[in-house]
Amino acid sequence: MTTKARELTAEVAIIGGGVGGCAAALAVARNGGRVVLTEETDWIGGQLTSQAVPPDEHPCIEQFGCTRAYREFRNGVRDFYRRNYPLTGEATRTPYLNPGNGSVSRLCHEPRVALAVLQERLQPYLSSGQITLLTHYRAVHAETVGDTVRSVTVQETRTGDQITLHAPYFLDATELGDLLPHTCTEFVTGAEAQSDTQEPHAPSIAQPDNQQAFTYCFAMDYLEGEDHTIEKPTEYDFWRNYVPQITPAWAGKLLSLTMSHPMTLKPRPIHFDPIREANGEVGGFWLYRRILDKTNFSGSAFRSDICLVNWPQNDYLLGNLVGVSEAEQKHHLERGKQLSLSLLYWLQTEAPRPDGSQGWKGLRLRPDITDTADGLAKYAYIREARRIKAEFTVCEQHVGTQARMEITNLPENEVQAYPFPDSVGVGHYRIDLHPSTGGDNYIDIGCLPFQIPLGALIPQRVENLLPACKNLGVTHITNGCYRLHPVEWNIGESAGLLALYCVQHRTTPRAVRNTPSILEGFQRWIQAQGVETHWLRAKPL
């Protein structure tokens, strides 16, 4: 393998082409800035595309509570279906079209459609040269001088060719916060100690290796009377008998139709019936993350619904992707794939059916949906990354419903999240932590409509590196509500705008936050571009 070195220069270099990275690149480019955007896979879009996860959003998303650019993306997804798919008349007339009619989101869609919409939005800036997109590139080295990042070197994952990027500002939009160790930016992982954060749900001592499970998602449809059973996975016997070792105890074997209820943690039966659910007779896991509802489309365009599997049963709990060697990381990723394939095989061969028989042989893996040979998503769905040690860290007592009620002595219908004067965005979701590698069951608690403080985007020491996704200044607990799609978009968009604002006004992120007149000017500027910094209505979820 030969290594060819070259250099590129831009005003903002964004490492990671996921939701936050794309939002940041679009924000910089629409304001006249020049961007280099890198992506480890061949698909930009992260959670929305390469991880194949339809957006998790709050109930008010159609009216308010996200940036204008994110709403334009969502409208673009619906327009793409209207322009290119044989929708029924009723579906065409539905203003808030939900292509999959999945129960988890008001916009369940295929990952390829999200990819097409993002590419469409990037294309004018790619053609003009304002955005240089490097797919199949990952960061391997950074040069720092004091508190400043001077350059970041990225490597082509197939050829080994390297490019050194120079820019006044670098954004870490990687799924695991990979740029932080390369740039010697201080960060935390896992769960902080309660003595450090004062959070009610934090552990008594720090647990840096206690991190949320990751998941390899996959898509499947169902063709009754056909047999699409995959080859028995190598690790099937292990996963078939695996019982998660977590506290409070999981409800038996992982591969079953019983799980722990996320809020009560008591055993909860799961309904799964692709025939009756597709007919609208019952609701269950077939509908949960359904990304294509065949009844939205005319005639016989689709033989089946398409269901996206991102369930508790394929959450991987036996190791981390952060704080381990590259070999260990690869090992856990491979086992995570084996778990997902084992879940599919179990559904095809052993899952109990309402009539007393076993297995749904007609379940068909859809590698065309994920564009992979093995049929799984291109990239693992990552819930928790390295997080910067920030000027300000958002804790449970700033956004958690019960914690805020206890602090303010207000009832649930009146309490609001802590008001951040340096707000650069908003978000809303439950504090939703999946079972973790440290042995915790779900932590799923109420959360109030919250703001994104600028202080959470500024490292304590490093001057020109900004987080652009779930690696901002939040805790293990509050990561559970700041990690979802519209919030990540807002974080990335605001980080991109902050970097360009500092370049254009010859200032620094720290000065923007800590100088009232500059902060006010920056907030007005981003508000004019459709970044909501305050909630129009604030009710608990």
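All of the points below concern the structure found in this document.

What counts, and at which threshold
- Residues numbered from 1 in each chain as written.
- Predicted model: local features only at pLDDT ≥ 70, side-chain atom pairs only at ≥ 80, totals over all residues.
- Heavy atoms only, no water.
- Buried < 20%, exposed > 50% of the residue type's maximum accessible area, 1.4 Å probe, protein only.
- Helix = DSSP H or I, 4+ residues; strand = E, 2+ residues; numbered from the N terminus.
- Contact = heavy atoms within 4.5 Å.
- Pairing = 2+ DSSP bridges.
- Axes fitted to C-alpha atoms, helices over the stretch in contact; angles between N-to-C directions.

Along helix H13 (residues 401-408), the residues that are buried comprise Thr401, Ala403, Arg404 and Met405. In this fold, the buried residues of H13 make contact with helix H12 (396-399). Taken from the residues just after H13, Asn409 is the one with a positive phi, measuring 60°.

Our next topic: the side chain of Asn310. Relative to the assigned elements, Asn310 resides in the loop between strand S15 (306-309) and strand S16 (315-316). On the accessibility criterion, Asn310 (3% relative accessible area) is buried. In contact with Asn310, other than residues within four places in its own chain, are Val53, Thr215, Cys217, Tyr288, Arg289, Tyr381 and Arg383.

Burial along strand S22 (residues 450-453) is two-sided: the residues Phe450 and Ile452 and Gln451 and Pro453 are all buried. Across three bridges, the pairing between strand S19 (residues 423-427) and S22 is antiparallel. Residue Ser423 lies in a different strand from S22, and its bridge partner there is Pro453.

Think of a sheet as strands paired side by side through backbone hydrogen bonds, with each pair either parallel or antiparallel. In spatial order, the strands read S4-S3-S2-S8-S23; together these five strands make up an open sheet with parallel pairing. Either end of the sheet is taken by a strand with one partner, and the two such strands are strand S4 (131-135) and strand S23 (465-467). When the angles between neighbouring strand axes are averaged without regard to direction, this sheet yields 20°. Sheet topology note: the strand S3 (residues 35-39)/S4 ladder contains five bridges and is parallel. Pairing of Leu37 across the sheet is with Leu133, part of S4.

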